[in-house]
Amino acid sequence: MEIEAKYTAPNGDVAAQLSAEETLGHYTLGPTVIHTIRDRYVDTETRRLWSEGYTLRYRELGGRRLITLKGRGGVEGAVHHREEYEFEADPGAPIASWPNARACDIVIQRVHSEPLEELLTIRQRRVMRSLTRGKRKVADLALDSVVMEVGGRTANYWEVEVELAETGVREDLRSLERDLLELGLKPEPRSKFERALALLDGDEKAGTTPSAATGSSALVQELGVQGAEGTQGAEGTQGAETPATPKTVSQLLVKYAMDEGHACHVADMTLALFDALPDLHGLPASRRDLLEAAALLHNVGVSTDAANHHTVGRDIVRAEGVASLSAEEEAMLACLVRFHRKKVKPNEEPLFVELSASDQRDTLAMAALLRVGDGIDYSNTGTSRILRLEEDDATVTVTLDGPHAPEEAARAMKKADLWLKRFGKPLVARVEGAMTEEAAVEAESAGKTTPLVEDSSPAEVPAAEEDEAATSDPAEADVKEGKEKKKSPGVLADDTMGEAGRKVLRFHFERLLANEEGTAEGSDIEALHDMRVATRRMRAALRLFGDYLPSKAVQRLNRGLRNTGHALGPVRDLDVMLKKVRDDAANHPEVDAHSLTGLLDRWEEQREEARAEMLEYLGEKAFSRFKEEFQAFLDKPMRNEPTHPDDPRESPPPTEVKHVAPGLMWEHYGMVRAYEPFLEGAPVETLHALRIDCKRLRYTLEFLKEPLGAPADGLIADLTRAQDHLGDLHDADVAADLLRRYIRERLNATTEVTAESIAGAVTYLGVRERELRDLTETFGEEWARLTGVTFRRLLGAATGAL
């Protein structure tokens, strides 16, 4: 049963306010999560489902395909309640194959043999925030910018939804309603589908309020509906119209056949940066509308001249004009379209030179945000989303999630050249759970760039070359501090498994050596982390490729890697636990940091002991010999061609990557799926074993990523999420066990122990136990993603690439 309250907003300002507030009445608002959603509603030609009280929706969300069947339910004021069945499935699959039997029965019984056809499409930019009261999650708040496409018409409006969580009650909705009404929201008795259906049936005012197509901008204001005739007129009269007739942003989107999904998602990402970092960019709030228009129109020249669309787009803006803009704002908008791509040479752009000094500074600041926002949707799929934005004294870190997040994190950093020049602080883009190899290199090199001293005459910004074709050589080197550092192992589909294994081992061995000095020095704990990761990757590579390498060498190298891992592991584990305790003490008011001093001191002592043992190991001759042996193994020539059996009647053994890898990948996936019957109520030990098998599948994909192509990115991202979730669960279990030991030791001590001396540890034990319980209960969402049809199809596409 779905229970939610629905409200319409007069404009995007209310939604913008809600996205910025920390509280709403007595409730706390959680961090923002941004989605771009495309919904297609289907029914029979005679609308049999609707006449029977049901709607059927196909939703595209972050690379996932969801089917939702909803009953009509009832409405009391703003509160809607109805039955709902939602599941992941391919919309093109037969209804009888749906995994939700109840939804399947309902649809089949009502449509009989009539085919389903698409009625209408609704697009949304959704900002999600959780609502909590104390420790209880009450609801999810959704701020929706809605665009309907119905029968040749479009309608745009803002809507706010509050959907009750399992631990929320009706009284919460009534309490929240008072605060929402005070903001100017109005109860909405109709669903989005009902509003769109009324529009489809000819009520042109149904479902519309004067608002922006994709945001609160006055620049995108339209009539509530643009009819089919109006749309045709915008295109059909383009030769007769004069430049003196400025158009709205929405009219330009239609006239120049822009990819609206990409335009909206770039606007989403760009405005998220603007809203989250006001102190960094220093732009006045009034510039938000202009930045939104620029993000929506940045590709306006693509259909005219794709190769030069940034300069053509600038000319289109000047020739067409944009409604409600001043002459100065129009010139700034044209410059932003020009600067979103290729080299930014402000002093070579006449429009820019003619701007005032303050307008020049604002234009460059907005261009810096736009370039990064555009990079986050480099795939043009609208699937990468910003999970977190964090700023400290040294960097701004943006964490992305989505099937294309690794490549788009790297692209965003490449396009952050102007960002660094304008703001003097590098952008670090991460994928949820890990930073991409490309991002790590970009972050390190970006951090060494000298910030630009702001003045009224901006200097030329060097090119990032972000729009040049990607290199065809997957092992192309990146120059860093005069040394070559490869971005990837360079594995090819035609490599033998032995040579592929050696490439992977060489890649991570170089990273082990690169972080040895920093690990020994101890000033940066990330060096230790990276060295340990390299060690783990090499052990995984020996496990995967070991059958194709000399067995004696594999045994020796594995032994050395195991010893190295044992030396590094305890120090790194204690680093993680100490940081986690301090972070939790800061984020949980009930945890008294001072009362945890004894525990922290104990773990600090253990860390120092472990570090002393680690340094002793790193200084031993045995470790030096291990490195020498490893290097000699890597330097020894090895055949990179298949061997034919001596007897021509014998079958040649599969030895090349393209022959062996598909079976390995499906074998590892089968090992992951084998946990399926045992997960309900599974103990932590089982979940930890599942994490190890997820990691082995992920490593296999990472080692072979280059020949597998783009599908591997989505697979690795999903596995990383699941692995991180299970890793946090394991860490919480280990920490809880250590806390119990500490408390027992204190209670069994011969000296007098007061309740106050262990109160902090007892309270913190409760925090970690709740975390363990929450992570166990929510793992089902990650498991559904790993076993879903989308993941399996991506795995099939990856193996097919070989």
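As a convention, each chain's residues are numbered from 1 in the sequence order in which they are written. In view of the model being predicted, local features appear only for residues whose pLDDT reaches at least 70, and side-chain atom pairs are presented and counted only at 80 or more, with totals across whole chains, interfaces and linings using the full set of residues. Excluding hydrogens and water, the side-chain values take into account all heavy atoms of the structure.

Draft legend 1. Highlighting the nonpolar core. In this description, a nonpolar core means a group of buried Ala, Val, Leu, Ile, Met, Phe, Trp, Tyr and Cys residues linked to one another through side-chain atoms lying within 4.5 Å. Burial classes: relative accessible area under 20% of the type maximum marks a residue as buried, over 50% as exposed, and values in between as partly exposed (1.4 Å probe, protein chains only). With 92 residues, the main nonpolar core has Leu 131, Val 162, Leu 333, Leu 369, Val 372, Ile 386 and Trp 419 as its most contacted residues. To qualify as a helix, a DSSP run of H or I must reach at least 4 residues; to qualify as a strand, a run of E must reach at least 2; elements of each kind are numbered from the N terminus. When residues in this core are grouped by element, the largest group, 9 residues, is from helix H8 (residues 260-276). Contact between two residues is taken to exist if any of their heavy atoms lie within 4.5 Å; hydrogens are not considered. Once you skip the residues sitting within four places of it in the chain, Leu 369 turns out to touch Thr 270, Leu 273, Phe 274, His 281, Leu 283, Leu 291, Trp 419 and Phe 423. Grouped together as the second largest cluster of nonpolar side chains are 69 residues, Met 497, Leu 664, Leu 697 and Leu 772 included.

Draft legend 2. Spotlight on the packing of helix H26 (residues 711-747) against helix H28 (residues 789-800). Relative to each other, H26 and H28 sit at 140°, their axes nearing to 8 Å. Comparing the axis directions of H26 and H28 gives the class oblique. You can see that H26 and H28 cross each other, and the crossing is left-handed. Side by side, H26 and H28 meet where Pro 711, Gly 714, Leu 715, Asp 718 and Leu 719 of the first sit next to Phe 791, Leu 794, Leu 795, Ala 797 and Ala 798 of the second. Grouping the constituent residues of the contact of H26 with H28 by class yields 8 nonpolar, 1 polar and 1 charged. Lines fitted to C-alpha atoms define the axes, with helix axes restricted to the stretch in contact, and inter-axis angles between N-to-C directions lie between 0 and 180 degrees. The scheme is simple: roughly parallel for angles under 35 degrees, roughly antiparallel for over 145, roughly perpendicular for 65 to 115, oblique for anything else. In this scheme, a crossing is called left-handed if the near helix is turned counterclockwise away from the far one by less than a right angle; it is called right-handed if the turn is clockwise. In this classification, the charged set is Asp, Glu, Lys and Arg, the nonpolar set is Ala, Val, Leu, Ile, Met, Phe, Trp, Tyr, Cys and Pro, and all remaining amino acids, among them Gly, are polar.

Draft legend 3. Layout of helix H3 (residues 101-111). Taken together, the buried positions of H3 are Ala 103, Cys 104, Ile 106, Val 107, Arg 110 and Val 111. Projected down its long axis, H3 shows its buried positions confined to an angular sector of 165°, all on one face. Next to the buried residues of H3 lie helix H2 (48-51), strand S5 (54-61), strand S6 (64-71) and strand S9 (84-88). Remark: His 112 follows H3 within two positions and exhibits a positive phi of approximately 55°. Working definition: the arc comes from the directions between the helix axis and the C-beta atoms, pointing outward to the latter.

Draft legend 4. Local environment of the confidence of the model for the protein. Scored from 0 to 100, pLDDT reflects the predictor's confidence in each residue. Per-residue pLDDT for the protein has a mean of 80; in total, 83% of the residues score no lower than 70. Of all helices and strands in the protein, the one with the weakest mean pLDDT is strand S14 (residues 225-226) (32), whereas helix H14 (residues 357-375) scores best (94). Residue range residues 204-244 is modelled with pLDDT below 50. Its contacts to residues more than four positions away, or to other chains, number 100 contacts. Counted against residues more than four places away or in other chains, residues 434-484, with its pLDDT under 50, gives 87 contacts.

Draft legend 5. Broad picture of the environment of Asp 575. Note that Asp 575 resides in helix H20 (residues 551-587). By relative accessible area, which is 8% here, Asp 575 ends up buried. Between the C-alpha atom of Asp 575 and that of His 529, which follows or precedes it by 46 residues, the distance is 9.4 Å. Contacts of Asp 575, omitting those with residues within four sequence positions, involve Ile 525, Leu 528 and Arg 607.

Draft legend 6. Seen up close, the environment of Leu 333. Structurally, the position occupied by Leu 333 is in helix H12 (residues 327-339). Since its relative accessible area comes to 0%, Leu 333 is described here as buried. Sequence-wise, Leu 333 and Glu 292 are 41 residues apart; in three dimensions their C-alpha atoms are separated by 9.9 Å. If near-sequence neighbours (up to four positions away) are discounted, Leu 333 is found in contact with Leu 290, Ala 293, Ala 294, Leu 297, Val 317, Val 322 and Leu 325.

Draft legend 7. Representation of the pattern of salt bridges within the structure. A side-chain nitrogen of Lys or Arg and a carboxyl oxygen of Asp or Glu constitute a salt bridge if their distance falls within 4 Å. Inspection of every chain in the model, using the stated rule, returns 60 salt bridges. Residues Asp 144 and Arg 126 are paired through a salt bridge, measuring 2.7 Å at the closest nitrogen-oxygen approach. Pair noted here: Asp 144 is in strand S11 (residues 136-150) and Arg 126 is in strand S10 (residues 117-133), with a separation of 18 residues, a long-range link. You'll find Asp 144 and Arg 126 in the same group, each marked buried. The closest approach of N and O atoms between Glu 349 and Arg 314, which form a salt bridge, is 2.8 Å. In this pair, Glu 349 is assigned in the loop between H12 and helix H13 (350-353) and Arg 314 in helix H11 (residues 309-320), connecting sequence segments 35 residues apart. Per residue, the accessibility class of Glu 349 equals that of Arg 314, and both read buried.

Draft legend 8. Expanded view of the packing of helix H10 (residues 287-297) against H14. For the pair H10 and H14, the least separation of the axes is 10 Å and the interaxial angle reads 50°. When the axes of H10 and H14 are compared, the pair comes out oblique. H14 is crossed by H10, and the crossing has right-handed handedness. The residues of H14 that touch H10, namely those facing Arg 287, Leu 290, Leu 291, Ala 294 and Ala 295, are Asp 359, Asp 362, Met 366, Leu 369 and Leu 370. Here the residues of the contact of H10 with H14 sort into 7 nonpolar, no polar and 3 charged.

Draft legend 9. Summary view of the packing of aromatic side chains. Only Phe, Tyr and Trp rings take part, Trp by its six-membered ring, and two of them pair if their centres are within 6.5 Å. Stacked means planes under 30 degrees apart, edge-to-face means over 60, and tilted covers everything else. All told, the structure shown has 14 aromatic pairs when counted by the stated rule. Between Tyr 617 and Phe 623, the ring centres sit 5.2 Å apart and the planes meet at 50°, which makes this aromatic pair tilted. No difference in accessibility class separates Tyr 617 from Phe 623, as the two residues are buried. Each member of the aromatic cluster is reached from another via a ring pair, and the members are Phe 509, Tyr 617, Phe 623, Phe 626 and Phe 630.

Draft legend 10. View of unusual backbone geometry. Of note, Arg 47 is a non-glycine position whose phi angle comes to about 60°, a positive value. Despite not being glycine, Ser 324 shows a phi value in the positive range, around 75°. Structurally, Ser 324 can be placed in the loop between H11 and H12. In this structure Ser 324 comes out as exposed when scored by relative accessible area, which is 55%.

Draft legend 11. Broad picture of the pairing of strand S1 (residues 2-9). Burial analysis of S1 places 8 of its 8 residues in the buried class, the great majority of the element. Here S1 shows no split at all, with Glu 2, Glu 4, Lys 6 and Thr 8 on one side and Ile 3, Ala 5, Tyr 7 and Ala 9 on the other all buried.

Draft legend 12. Inspection of the sheet that holds strand S17 (residues 427-431) at higher detail. Pairing between strands requires that DSSP locate at least two bridges from one strand to the other. Ordered in space as S15-S16-S17, the 3 strands form an open sheet in which the pairing is mixed. One side of each edge strand has no neighbouring strand; the edge strands of this open sheet are strand S15 (385-391) and S17. On average, each strand axis in the sheet is inclined to that of its neighbour by 20°, with strand direction left out of account. In the sheet, strand S16 (residues 396-401) pairs with S17 via 5 bridges, with the strands oriented parallel. In the strand pairing of S17, Thr 399 is matched with Arg 430.

Draft legend 13. Structural view of helix H22 (residues 621-635). Here the expected span of a helix is defined as 1.5 Å times the quantity of residues minus one. With 15 residues, H22 ought to run about 21 Å at 1.5 Å a step, and its terminal C-alpha atoms sit 21 Å apart, in line with that. For H22, the set of buried residues is Phe 623, Phe 626, Lys 627, Phe 630, Phe 633 and Leu 634. One side of H22 carries all its buried residues, which in axial view fall inside an arc of 125°. Turned more than 90 degrees from where H22 packs its buried face, Lys 621 and Glu 628 sit exposed. On the buried face of H22, the contacting elements are helix H18 (497-521), helix H19 (525-545), H20 and helix H21 (597-618).

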